[in-house]
Amino acid sequence: MPDFFTHTNFAGPIHTLVQIGAQSMQDIEEALHIDPAQIVLTTMDPDLAQKADDAFGAWRTADKTARVDHVAVTAKRTRTAASEVQLFDKPPLATRKTPTGLQALCPELTATRQATVPDIALGAFFKALPNLPAGARHVLRFGLTGEEQTLLAAMGDKMVGRFHDIIISLPPAALFDRAPTGDVLRTRLHDLGFLPVAQREGPVPGIPECHLIQSPHHAALQTCLAADKERQREHAGQKAAIETLTKENEALRKALDQNVLDTRDLDALRTRYAALMADYETQSDALRRVQARVKAALARFEA
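Quick one: what's the story with the overall build of the protein, residue by residue and with numbers?
Scanning the protein from terminus to terminus reveals 9 helices and 11 strands. When burial is assessed residue by residue, the protein has 43% of its 303 residues classed as buried. A fraction of 71% describes how many contacts in the protein between residues 6 or more apart in sequence connect residues 24 or more apart. Split by element, the accessible area of the protein, about 15500 Å² in all, is 54% carbon and sulfur.

And the structure:
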């Protein structure tokens, strides 16, 4: 399993590993195997939290830090600030959700007990992270909890852009009540600028775990898309103004036909209309250029 973290697409030292929702000692062992400078790990399992802290205790040095948070990371702040968590065995699982699909896939999955776990909102969790130095390689890993979609939906470019790599399970079918399939997760990750580079069998048989890296062209693509959106807005404004002038022009023509309007009013309107049309064509050319840049940036992103 540790080879997943050392394949060619994962080249280069890892400075920080952040794992949300660790489920087993395998997660702890792999975190120690890749040997980053910093580890931040959350788990909803109180026993695993203690075991992880014990394992990291022997690993910590003056240059290597590890933090274990016994919390449930939530997309938003909850009213009660705590969650009831179900703990399972075979495979080990701690979740706030009902694992209906997972139980169908793993009939041996057995609920063992419940625990009350403190909640922390995603934004607060990210604010409490240690410094993630610019230019260093940072990895975000998600355990299989059923919360992945809501957490990814709450993450924007600024939050997730601090990470070069994401590790996440992409189930072919929904494993938890009201949880999406891997295709939905993959689409969201693509929108955030992450592209798959490797895949392996995850901790649960039949559930692949995927390694994605941030495209170096994502930022350029977002800049082009923002420019395109602004040009589209300006273009729509010019089009609306032309439509208004066209209606005014028609009204003036009718008034002129009825001999109640001086032709100079119509001439003035035609001058305004010609100027607006010229501006509209300029805006259209600018929009086409921006759209060409978007197309080129998108091609680089998908390459």
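For helix α7 (residues 182-191), give the residues involved together with the corresponding values.
Of the residues making up α7, those classed as buried are G182, L185 and L189. For α7, the buried positions fall inside an angular range of 60° around the axis, keeping them on one side. Among the structural elements, α5 (148-154), β9 (165-169), β10 (194-201) and β11 (208-214) are those in contact with the buried residues of α7. G193 occupies a position one or two residues after α7 and carries a positive phi of about 95°.

Explain the side chain of D69 to me, and be specific about the residues and the numbers.
Within the fold, D69 resides in strand β3 (residues 65-70). Engagement of the side chain of D69 in a polar contact is seen with the side chain of R67, the distance being 2.9 Å. In this structure D69 touches V40, L41, T42, T43 and F125, once residues within four positions along its chain are discounted.

Rules behind the numbers
Within any chain, residue numbers begin from 1 and follow the written order of that chain's sequence. Local features in this predicted model are restricted to residues whose pLDDT is 70 or higher, and side-chain atom pairs enter the listing and the counts only when it is 80 or higher, whereas totals over whole chains, interfaces and linings include all residues. To obtain the side-chain values, all non-hydrogen atoms of the structure were included, while hydrogens and water were left out. To qualify as a helix, a DSSP run of H or I must reach at least 4 residues; to qualify as a strand, a run of E must reach at least 2; elements of each kind are numbered from the N terminus. Note on classification: 1.4 Å probe, protein chains only; a residue is buried when its accessible area is under 20% of the maximum for its type, exposed when over 50%, partly exposed between these limits. In this description, contact between two residues means that some pair of their heavy atoms is separated by no more than 4.5 Å. For the accessible areas, the method is Shrake-Rupley and the probe is 1.4 Å, while residue cover comes only from the protein chains on display. Along the arc lie the directions from the helix axis toward the C-beta atoms. Side-chain atoms alone can form a polar contact between residues adjacent in sequence; in general such a contact is a pair of N or O atoms within 3.5 Å, and within protein one must be able to donate a hydrogen while the other accepts it.

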